[in-house]
Amino acid sequence: MVGTQPLSSKTDHRLARFRYFLAQEKGHSPQGVKRYISDIRLWESWLLQSGSPETSESLRVFLSVRQMKPRRVQGFLAALRTYYQWRSRMAGEDITDITLEIPRPRAGKRLPKSPSMEDLERLLEATTGEPEEALLRSFLPFLYGTGMRISECCALKYEQILWNQGLPTALRVIGKGDKERIVPLSPMAENAIQQWAKHKPVARGHVWTYLRPAYAKRPIGVSWVQKKLKQLARRAGLDPSSCTPHKFRHAYASFLVNQNVGLDVLKELLGHNSISTTQIYVQTSTSRLKEAVSRLRR
């Protein structure tokens, strides 16, 4: 297997700029940025080690050597495509996208395994005795009942909540690339906000902050939520890999698919840039979003 090699300072500097572009201008998640940079470093290292030119033919040889699975090849080519387009359009280099001549392998579409409503109840039961029990018992149903990205939930502020006659009805969500979308609240999410207000009746700043006095004004962190979910899943006898924040998002999308929500509506609700990203959840779609989320209760 081909290993990675130390890269030149010029390449390291270029990758630092590309990382900034992905995170700040494209709005990719930290995990997404890490994955892209890892793939590019793997490619640049192979070029250095093999002495190969940056050509489509070299890329074919690389893929042949690595023997990646179709889905892995798709992700790798996506990273490389973004990298070469950035170098050409943003960095001003005289270089072409070498992925254009590489056929994309077909990978079977699969709906990711996600926690059921019963699993959510088991996770909530497992919060008993936790120092932040009240926070978790409100936040987890909110995360499950909105389909928001974990980073969007943790960054949510009270000013983004839309109210009607004193009740929370929708959110102005700031997603990837600072794009804003409106997310109607399901009864589960509405109830979660109302329950949280009983423990922390604040009407400004971040919604989800710790209860402990020493951290009372600090918004909860993505890594903290991920760690807690793993702990709760093990305590509840569930598979931790199926109880991640992103799998909560899958659960929300799956629920809407089962309610025959239109593909265009689901795309807007989830904040996807491309409808192809949404299609993994959808086979047929006809009904409207508001009717569907009104059935998501706890």
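The structure under discussion appears in the preceding block.
All figures in this text were calculated on a predicted structure; none of them were measured in a lab.

(A) Main features of the overall build of the protein. A tally of helices and strands in the protein yields 13 helices and 3 strands. Classification of the 298 residues of the protein by burial places 46% in the buried group. Restricting to contacts in the protein with at least 6 residues of sequence separation, those with at least 24 account for 63%. Split by element, the accessible area of the protein, about 15800 Å² in all, is 50% carbon and sulfur.

(B) A look at the packing of aromatic side chains. For the coordinates displayed, the defined rule picks out 15 aromatic pairs. Ring geometry for phenylalanine 21 against tryptophan 86: centres 6.4 Å apart, planes inclined by 40°, an arrangement best described as tilted. Taken together, the residues phenylalanine 21 in helix α1 (residues 9-25) and tryptophan 86 in helix α4 (residues 70-89) connect sequence positions 65 residues apart. Its relative accessible area of 5% is what places tryptophan 86 among the buried residues. Plain terms: the ring middles of tyrosine 210 and tyrosine 215 are 6.2 Å apart, the flat faces sit at 65° to each other, and that makes the pair edge-to-face. The class of tyrosine 210 is buried, set by a relative accessible area of 8%. Chaining the aromatic ring pairs together yields one cluster made of Phe18, Phe21, Tyr83, Tyr84 and Trp86.

(C) Main features of unusual backbone geometry. Its identity is not glycine, yet glutamine 67 carries a phi of approximately 55°, on the positive side. One can find glutamine 67 in the loop between α3 (56-66) and α4. Look at glutamine 165: it is not a glycine, yet its phi comes out positive at around 55°.

(D) A look at the nonpolar core. Grouped together as the largest cluster of nonpolar side chains are 46 residues, with contacts concentrated most on Phe139, Phe142, Trp208 and Ile220. Mapped by element, the contributors of at least two residues to this core are α5 (117-125), α6 (133-146), α7 (150-155), β2 (167-174), α8 (187-199), α9 (222-235) and α10 (245-258). Looking at this core, the element that brings in the most residues is α6, giving 7 residues. Among residues more than four places away in sequence, those in contact with phenylalanine 139 are Ile150, Cys153, Trp208, Ile220 and Val225. Counting residues in each nonpolar core, the second largest holds 29 residues, with Leu15, Phe18, Phe76 and Tyr83 among its members.

(E) Quick look at the pattern of salt bridges. The final tally for this structure, using the stated rule, is 14 salt bridges. In this structure, the salt-bridge partner of arginine 87 is glutamate 54, at a minimum N-O distance of 2.9 Å. Here arginine 87 is found in helix α4, whereas its partner glutamate 54 is found in the loop between α2 (30-50) and α3, with 33 residues between them in sequence. Relative accessible area serves as the criterion here: at 31%, glutamate 54 is assigned to the partly exposed category. Across the salt bridge formed by glutamate 132 and arginine 212, the nearest N and O atoms sit 3.0 Å from each other. Taken together, the positions of glutamate 132 in the loop between α5 and α6 and arginine 212 in the loop between α8 and α9 put the pair 80 residues apart, joining distant regions of the chain. Glutamate 132 gets classed as buried once you look at its relative accessible area, which sits at 2%. Put simply, Arg14, Glu44, Glu54, Arg87 and Glu93 are held in one network by salt bridges that share partners.

(F) Inspection of α4 at higher detail. Taking 1.5 Å of rise per residue, the 20 residues of α4 would be expected to cover 28 Å, and the 28 Å separating its terminal C-alpha atoms lies within 8% of that figure. Among the residues of α4, those classed as buried are Val73, Phe76, Leu77, Ala78, Ala79, Leu80, Thr82, Tyr83, Tyr84, Trp86 and Arg87. Taken together, the buried residues of α4 touch α1, α2 and α3.

Conventions adopted
- Residues numbered from 1 in each chain as written.
- Predicted model: local features only at pLDDT ≥ 70, side-chain atom pairs only at ≥ 80, totals over all residues.
- Heavy atoms only, no water.
- Helix = DSSP H or I, 4+ residues; strand = E, 2+ residues; numbered from the N terminus.
- Buried < 20%, exposed > 50% of the residue type's maximum accessible area, 1.4 Å probe, protein only.
- Contact = heavy atoms within 4.5 Å.
- Areas by Shrake-Rupley, 256 points an atom, 1.4 Å probe, with all protein chains shown as cover.
- Phe/Tyr/Trp six-rings, centres within 6.5 Å; stacked < 30°, edge-to-face > 60°.
- Core = buried A, V, L, I, M, F, W, Y, C linked by side-chain atoms within 4.5 Å.
- Salt bridge = Lys/Arg side-chain N within 4 Å of Asp/Glu carboxyl O.
- Expected span 1.5 Å × (residues − 1).

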